[in-house]
Amino acid sequence: MTFIAETGAQNPLIPDTAELIIGLLCFFIVFGFLGKKLLPGIQKTLDERHDAIEGGLERAEKAQTEANRTLEEYKAQLAEARHEAARITEHAREQGALIIAEMKEEGQRQREAIIAAGHAQIEADRRQVTNVLRQDVGRIATDLAGKVVGESLEDAARQSRIIDRFLDELDAKSAESAGAK
């Protein structure tokens, strides 16, 4: 305060020259210290953050591009797998139809073979029954003729000739009557 009293009234907004020089000197020392020591560290940290952010964005874009490419590959593989599955299904369907057709043909052949075997068996049974009937009819006719004539017709050769002639005449008459109708 003494300083103020000696010089008179001083403007409070204008500092004393000594204070101004000391303040400027301290300011430049602190500014120099900050410029030399702290500013490079701050700048390095800012550059690292900038690189991390920009690099992260670039890496994210690359990852997105790679993911899209991989997705397209998977879609192509999926489409190919679906196409292959459809081809295999169609092939299996064709094979199934072929097998069904073969089984139908085999069934038809077996049915025809069974029918032919049945006809052959019927024909064999018919012949056997005809022979048995001939023998029975011949025996009955011989017995009956022997009773009517009063003689025994036991001679086998004669009996066979008579029976054959009688049955041949019956067959001829039945053939004529069937042809007349």
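In short, a report on the structure. Fair warning: this is a prediction, and the values are worked out from it, not measured in the lab.

Side note on a negative patch on the surface
On the surface, a cluster of negative charge is made up of D47, E48, D51, E54, E58 and E61. Among the structural elements, D51 can be located in helix α2 (residues 17–149).

Some thoughts on the pattern of salt bridges
Evaluated as defined, the whole model comprises 7 salt bridges. Ionic pairing is found between R109 and E106, a salt bridge with its closest N-O pair at 2.7 Å. In this pair, R109 and E106 both sit in helix α2, 3 residues apart, roughly one turn of the helix. Put simply, E123 and R127 hold a salt bridge, and the shortest N to O gap is 3.6 Å. Placement of both E123 and R127 in helix α2 is noted, with a separation of 4 residues, approximately one turn of the helix. When its relative accessible area of 30% is taken as the criterion, E123 is described as partly exposed. According to the relative accessible area criterion, R127 is partly exposed, its value standing at 48%. Linked through salt bridges whose partners overlap, the residues forming this network are E66, R69 and E73.

Let's talk about the packing of aromatic side chains
Summed over the entire model, instances satisfying the criterion amount to 2 aromatic pairs. Between F27 and F28 the ring centres are 5.6 Å apart and the planes differ by 65°, which places this aromatic pair in the edge-to-face class. Note on F28: relative accessible area 53%, which makes it exposed. Aromatic pair F27 and F31: ring centres 5.9 Å apart, planes at 15°, arrangement stacked. Taken together, the residues F27 and F31, both in helix α2 and 4 residues apart, mark about one turn of the helix. Its relative accessible area of 52% is what places F31 among the exposed residues.

How each quantity is defined
- Residues numbered from 1 in each chain as written.
- Predicted model: local features only at pLDDT ≥ 70, side-chain atom pairs only at ≥ 80, totals over all residues.
- Heavy atoms only, no water.
- Patch = residues over 30% accessible without salt bridge, like charges linked within 9 Å, V, L, I, M, F, W, Y side chains within 5 Å.
- Areas by Shrake-Rupley, 256 points an atom, 1.4 Å probe, with all protein chains shown as cover.
- Salt bridge = Lys/Arg side-chain N within 4 Å of Asp/Glu carboxyl O.
- Lys, Arg positive; Asp, Glu negative; His and termini not counted.
- Charge placed at Lys NZ, Arg CZ, Asp CG, Glu CD.
- Helix = DSSP H or I, 4+ residues; strand = E, 2+ residues; numbered from the N terminus.
- Buried < 20%, exposed > 50% of the residue type's maximum accessible area, 1.4 Å probe, protein only.
- Phe/Tyr/Trp six-rings, centres within 6.5 Å; stacked < 30°, edge-to-face > 60°.

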